[in-house]
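# Overview (structure and organization)
Here is how the chains run, residue by residue.
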Amino acid sequence: MKTLSAAESATPDPATHQGLGMGALISTVVTSCVGGGIFALASDLAIAASPGPALIAWGLVGFGILMLALCLNNLVLKRPDLDGIFSYAEEGFGKYTGFISGWGYWISAWMGTVAFATVMMNAMGYFFPIFNGANKFPTVIFASIVLWLVTLLVNRGIESASFVNAIITICKLIPLFTFIVVALLLFKVNVFTAHFWYNVGDNLSGAGSISAQIKRCFIIMMWVFVGIEGATMLASRAKKKSDAGKATLIGLFCILGLYMLASILPYGYLSRNALATIHQPGMVYIFREMVGSWGGALISGGLIISTLGSWISWTMLPAETTRLMAKRHLLPAIFGKANRYGVASFSLVLSSVLIQFFLLSLLITDRAYQIAYSMCTVAVTICYILVAAYQIKYSIQHFREKGSGFQLTVGLLALTFECTAVYFSGIKYLILCTIAYIPGTILYLMARREVGDQVDLSRKEWVSMSAILTCGLLAIVFVLMGRLVI
Ligand SMILES: NC(=[NH2+])NCCC[C@H](N)C(=O)O
């Protein structure tokens with residue numbers, strides 16, 4: 001049995017269908033992007049900014065993600081022979097760069113699961129206060145049980161049937177729409193405009209200049225868009241290739257609309273201060289304030305189902321990524337070895353062990369959710385940057401073709417956006433990621449040996465490898481010295 005990626009699992013089996021239609025493609029974008037982030041968005045953003053700067057940030061991030069989506073569409077159409085997001089980096093800049101991209105994607109995929117687990121346990125706390133208490137042991141134990149149950153299921157080659165996905169999508173959208181409609185009805189213009197640009201006179205950590213507020217919004221907004229690459233990766237299975245492009249754009253605008261409404265409307269009901277200090281995940285408790293306790297239950301229920309669905313899909317994904325990388329000899333063959341259900345067990349179990357390790361962080365910090373999603377976002381940005389870079393390279397190489405000037409501009413804008421986003425999000429997360437490249441690089445070298453390649457790295461590869469390893473080692477030293485605090 002074949003494992004499906006987060007994106008693929010949302011869609012019908014291509015063998016029994018004549019390719020994916022527009023509806024299936026759009027729902028793929030929504031399924032792979034909308035996980036747990038939206039439920040915490042309002043309160044997370046309120047900590048970072050007032051409504052004015054938040055709106056500007058949505059405009060900027062929306063535009064940047066659009067550029068990225070356009071790059072992916074273009075590459076999928078121009079290079080249908082390449083599969084897996086890391087293959088663009090490999091094709092454009094050599095094997096080690098391909099590895100850098102794939103490894104980033106892999107780290108991001110399982111780090112995202114740590115974020116899912118934390119936000120899901122917060123929502124469980126709504127029903128079972130034991131998960132909300134100061135003692136985090138019950139939370140860690142329950143999250144670990146879910147983790148290993150999901151691992152076991154995926155390891156047995158479950159495929160999320162499309163009807164299950166449809167139910168999950170409905171369960172996540174109904175509470176979200178209900179929230180938005182009620183928030184619209186209760187919207188008070190004077191509350192919304194009271195502190196439109198600044199929140200003067202309170203002691204929010206998020207006070208500050210407009211630009212500082214916009215910067216803080218970036219990582220929160222980027223996180224909710226992780227997964228946008230999902231549908232474009234399906235282009236080769238679309239009924240019409242051009243549909244995939246359209247679907248990504250339509251999906252992107254739908255999601256952007258959903259996110260903007262869910263995060264901006266609450267500013268018209270509660271003050272920024274109140275939103276920022278509300279219990280997490282914000283939407284649950286904002287809705288409870290609005291309509292009473294059934295509201296909190298509705299949103300918590302939606303959140304639990306939504307994150308569980310995403311959790312399963314994103315458990316299949318890292319194993320699938322490393323399997324493809326092993327196929328291309330970027331990782332040792334064991335990463336690609338399928339068990340009798342056709343699942344690459346080693347990768348799967350390795351990701352789960354790492355997730356388990358990071359779940360323990362819940363015991364020592366109450367910022368586990370923020371840390372996990374920041375790491376997830378920055379790690380995936382590494383591959384996005386390389387996608388944009390390949391888009392630029394490809395457009396220059398084929399400059400005579402029609403539309404290349406446009407594609408080049410899109411690539412340049414996407415690259416600028418992604419780099420700025422990493423910078424705004426905090427270089428420290430990027431530096432921390434390099435630690436994971438130390439064992440990764442060893443595995444990469446082993447993979448090269450395996451195929452009899454006497455590791456004859458090019459000069460460029462040596463340079464990038466040494467730079468990354470040095471950063472990784474320095475990061476370890478800084479962490480040990482307590483200089484790198486997240
Ligand atoms: N690598 C991952 N697990 N990504 C999950 C994507 C999360 C999604 N964007 C959300 O808002 O919840």
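As recorded in an unreviewed UniProt entry, the chain goes by Arginine-ornithine antiporter and comes from Levilactobacillus spicheri. Its UniProt record gives the chain a comment under Sequence similarities (unreviewed entry), which states: "Belongs to the amino acid-polyamine-organocation (APC) superfamily. Basic amino acid/polyamine antiporter (APA) (TC 2.A.3.2) family."

### Some words on helix α14 (residues 282-291)
In terms of burial, α14 is largely enclosed, as seven of its ten residues are buried. Immediately downstream of α14, the backbone of G292 shows phi near 105°, a positive value.

### Overview of the nonpolar core
I38, W58, F99, W223, F225 and Y259 are the most contacted members of the largest nonpolar core, which has 149 residues in total. Examining the composition of this core, we find that 20 residues originate from one element, helix α6 (residues 95-127), more than from any other. When near neighbours in sequence (up to four residues on either side) are disregarded, F99 contacts M325, L330, L331, Y437, G440, T441 and Y444. Membership of the second largest hydrophobic core comes to seven residues, among which are L20, A24, I26 and A247.

### Let's talk about the environment of S242
With respect to the element layout, S242 can be found in helix α12 (residues 241-264). What makes S242 partly exposed here is its relative accessible area of 39%. Along the sequence, S242 and N74 sit 168 residues apart, while their C-alpha atoms lie 10.0 Å from each other.

### Notes on the packing of helix α15 (residues 293-327) against helix α16 (residues 345-359)
Contact geometry of α15 with α16 gives a least axis separation of 8 Å together with a crossing angle of 125°. Comparing their axes, α16 and α15 come out oblique. Pair α15 / α16 crosses with right-handed handedness. Contacts from T315, P318, A319 and T322 of α15 reach α16 at S347, L348 and S351.

### Some points on the packing of aromatic side chains
Counting across every chain of the model gives 31 aromatic pairs. Here the aromatic rings of Y126 and F127 are separated by 5.7 Å at their centres, their planes lie at 90°, and the arrangement is edge-to-face. Taking the relative accessible area as the measure of exposure, Y126 reaches 17% and is therefore buried. What makes F127 partly exposed here is its relative accessible area of 38%. With a centroid separation of 5.6 Å and an interplanar angle of 65°, the aromatic rings of Y126 and Y285 are classed as edge-to-face. Taken together, the residues Y126 in helix α6 and Y285 in helix α14 connect sequence positions 159 residues apart. For the pair shown, Y126 and Y285 are each scored as buried. Grouped by ring-pair contacts, the aromatic residues Y96, F99, W103, W106, W110, F357, F358, Y437 and Y444 constitute a single cluster.

### Quick look at the pattern of salt bridges
Opposite charge on two side chains allows them to pair when their charged atoms are near. For the structure on display, the rule yields five salt bridges. A salt bridge links R79 to D81; the shortest N-O distance between them is 2.7 Å. Of the residues examined, R79 reaches a relative accessible area of 15% and is grouped as buried. With a closest N to O distance of 3.4 Å, E90 and K95 form a salt bridge. For E90, a relative accessible area of 10% puts it in the buried group. A relative accessible area of 27% means that K95 is categorised as partly exposed. Each of R79, D81 and E91 takes part in one network of salt bridges that share partners.

### Description of a nonpolar patch on the surface
Taken together, F137, I141, I145, L149, F357, L360, L363 and I364 make up a surface patch of nonpolar side chains, about 840 Å² in accessible area. Looking at which element gives the most residues to the nonpolar patch, the answer is helix α7 (residues 137-155), with four residues. One can find L360 in the loop between α16 and α17 (368-397). On the basis of relative accessibility, which here comes to 41%, the residue L360 falls in the partly exposed class.

### Some details on the packing of α6 against helix α19 (residues 427-450)
Running from N to C, α6 and α19 point in directions that differ by 130°, and their axes come no closer than 10 Å. Classified by the angle between their axes, α6 and α19 sit oblique to one another. The element α6 and its partner α19 pack so that their crossing is right-handed. Residues K95, Y96, F99, I100, W103, G104 and I107 of α6 lie in contact with α19, whose contacting residues are C433, A436, Y437, G440, T441, L443, Y444 and R448.

### Focus: unusual backbone geometry
The phi angle of most residues is negative, glycine excepted, and most peptide bonds adopt the trans form. Residues Q280 and P281 are joined by a peptide bond in cis, for which omega reads -10°. Topologically, P281 is positioned in the loop between α13 (272-277) and α14.

About the thresholds
- Residues numbered from 1 in each chain as written.
- Predicted model: local features only at pLDDT ≥ 70, side-chain atom pairs only at ≥ 80, totals over all residues.
- Heavy atoms only, no water.
- UniProt positions renumbered as here; feature names shortened; annotations may be inferred.
- Buried < 20%, exposed > 50% of the residue type's maximum accessible area, 1.4 Å probe, protein only.
- Helix = DSSP H or I, 4+ residues; strand = E, 2+ residues; numbered from the N terminus.
- Core = buried A, V, L, I, M, F, W, Y, C linked by side-chain atoms within 4.5 Å.
- Contact = heavy atoms within 4.5 Å.
- Axes fitted to C-alpha atoms, helices over the stretch in contact; angles between N-to-C directions.
- Parallel < 35°, antiparallel > 145°, perpendicular 65-115°, else oblique.
- Left-handed = near helix turned anticlockwise from the far one by under 90°.
- Phe/Tyr/Trp six-rings, centres within 6.5 Å; stacked < 30°, edge-to-face > 60°.
- Salt bridge = Lys/Arg side-chain N within 4 Å of Asp/Glu carboxyl O.
- Patch = residues over 30% accessible without salt bridge, like charges linked within 9 Å, V, L, I, M, F, W, Y side chains within 5 Å.
- Areas by Shrake-Rupley, 256 points an atom, 1.4 Å probe, with all protein chains shown as cover.

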